[in-house]
Amino acid sequence: MKPVSVDILGTPHKIIWCKTAQEVDDGGRTLLDGQYDSWKSVIRIHDIERPMEDKLQTLWHEILHGLEKILHTGDLDDRVVDLLATGITYVMLHNDFDVKSWDITQKE
Ligand SMILES: [Zn+2]
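Residues numbered from 1 in each chain as written. Predicted model: local features only at pLDDT ≥ 70, side-chain atom pairs only at ≥ 80, totals over all residues.

**Overview of the packing of helix α2 (residues 52-70) against helix α3 (residues 78-94)**
Put simply, the test is: In this analysis, axes come from line fits to C-alpha atoms, helices being fitted only over the stretch in contact, and the angle between any two N-to-C directions falls in the range 0 to 180 degrees. What counts as a helix is a DSSP run of H or I of at least four residues, what counts as a strand is a run of E of at least two, and both are numbered from the N terminus. Angle categories: roughly parallel below 35 degrees, roughly antiparallel above 145, roughly perpendicular from 65 to 115, and oblique for all the rest. For any pair of crossing helices, the crossing counts as left-handed if the nearer helix is rotated counterclockwise from the farther one by less than a right angle, and right-handed if it is rotated clockwise. By the convention adopted here, residues are in contact when the distance between their C-beta atoms, placed from the backbone, does not exceed 7 Å.
Look at α2 against α3: their axes get within 8 Å of each other, and the N-to-C directions meet at 125°. What the angle tells us is that α2 and α3 run oblique. In terms of crossing hand, the pair formed by α2 and α3 is right-handed. Listed contacts from α3 to E53, L56, Q57, W60, H61, L64 and H65 of α2 are V81, D82, L84, A85, T86, I88, T89, M92 and L93.

**Structural notes on the sheet that holds strand β4 (residues 42-46)**
Which entries qualify depends on this criterion: Whether two strands pair depends on DSSP finding at least two bridges between them.
Across the sheet, four strands lie side by side as β1-β2-β4-β3; this open sheet has mixed pairing. The open sheet has two edge strands with one neighbour each: β1 (5-8) and β3 (34-37). Neighbouring strand axes in the sheet, compared pairwise and without regard to direction, differ in orientation by 20° on average. Two strands pair when backbone bridges link them, and strand β2 (residues 11-18) and β4 are joined in this way by five bridges, in the parallel orientation. When the sheet's bridge partners are listed, K14 is paired in β4 with V42.

**Topic: the pairing of β2**
As judged from the four bridges shared by β1 and β2, these two strands associate in the antiparallel manner. Each bridged residue has a counterpart across the sheet, and for I8 the counterpart in β2 is T11. Connecting β1 to the next strand, β2, in antiparallel fashion are two residues, including L9 with a positive phi near 50°.

**Regarding α3**
Let me state the cut-off plainly: The length a helix should cover is 1.5 Å for every residue beyond the first. Here a residue counts as buried when 20 or more other C-beta atoms sit within 10 Å of its C-beta, as exposed when there are 12 or fewer, and as partly exposed otherwise, the C-beta atoms being derived from the backbone. Our arc is simply the arc of the directions from the helix axis toward the C-beta atoms.
Taking 1.5 Å per residue, 17 residues should reach 24 Å; α3 reaches 24 Å between its end C-alpha atoms and fits that length. The set of residues buried in α3 consists of V81, A85 and T89. Down the axis of α3, the sector holding all buried residues measures 70°, keeping them to one side. Exposed residues pointing more than 90 degrees away from the buried face of α3 are listed as R79, V80, L83, G87, V91 and H94. Against the buried residues of α3 lie α2.

**Observations regarding the pairing of β3**
Consecutive side chains along a regular strand alternate between the two faces of the sheet. Relative to β4, β3 is paired through four bridges, and the arrangement is antiparallel. Paired with G34 across the two strands is I45, which belongs to β4. A loop of four residues connects β3 with β4, the two strands running antiparallel in sequence, and S41 in this loop sits at a positive phi of about 50°.

**Details of the nonpolar core**
We count it as follows: In these notes, a nonpolar core means any group of buried Ala, Val, Leu, Ile, Met, Phe, Trp, Tyr and Cys residues linked to one another through C-beta atoms within 7 Å.
V24, Y36, I43, I45, L59, W60, I63, L64, V81 and A85 together form the largest nonpolar core, which totals ten residues. Elements with a contribution of two residues or more to this core: β4, α2 and α3. In terms of residues, this core owes the most to one element, α2, which gives four residues. With residues up to four places along the chain from it excluded, the contact list for V81 reads H61, L64, H65 and L76.

Have a look at this one:
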């Protein structure tokens, strides 16, 4: 099941899965795969007829924009954001990190 919200450093963000690329743009002017709205804390993702890997990459792209805003990094180059999103997506898909099972209190 796809997530409907994501907590980015304590700020809850709603995730809206859109049927069309036009619906992703809140203003309906541009065709987009994803959009981050810092005012409303909303991430919109184009959902239909796209592979899961692409949607996950787009979600990470928008989460990184959220981090950019919340951490006041200033505007990051969108190509860098996209490459980082691609890298994070790859690592997520090719590793089985069940991090919630990691017991950080256990001594070696
Ligand atoms: Zn971007």
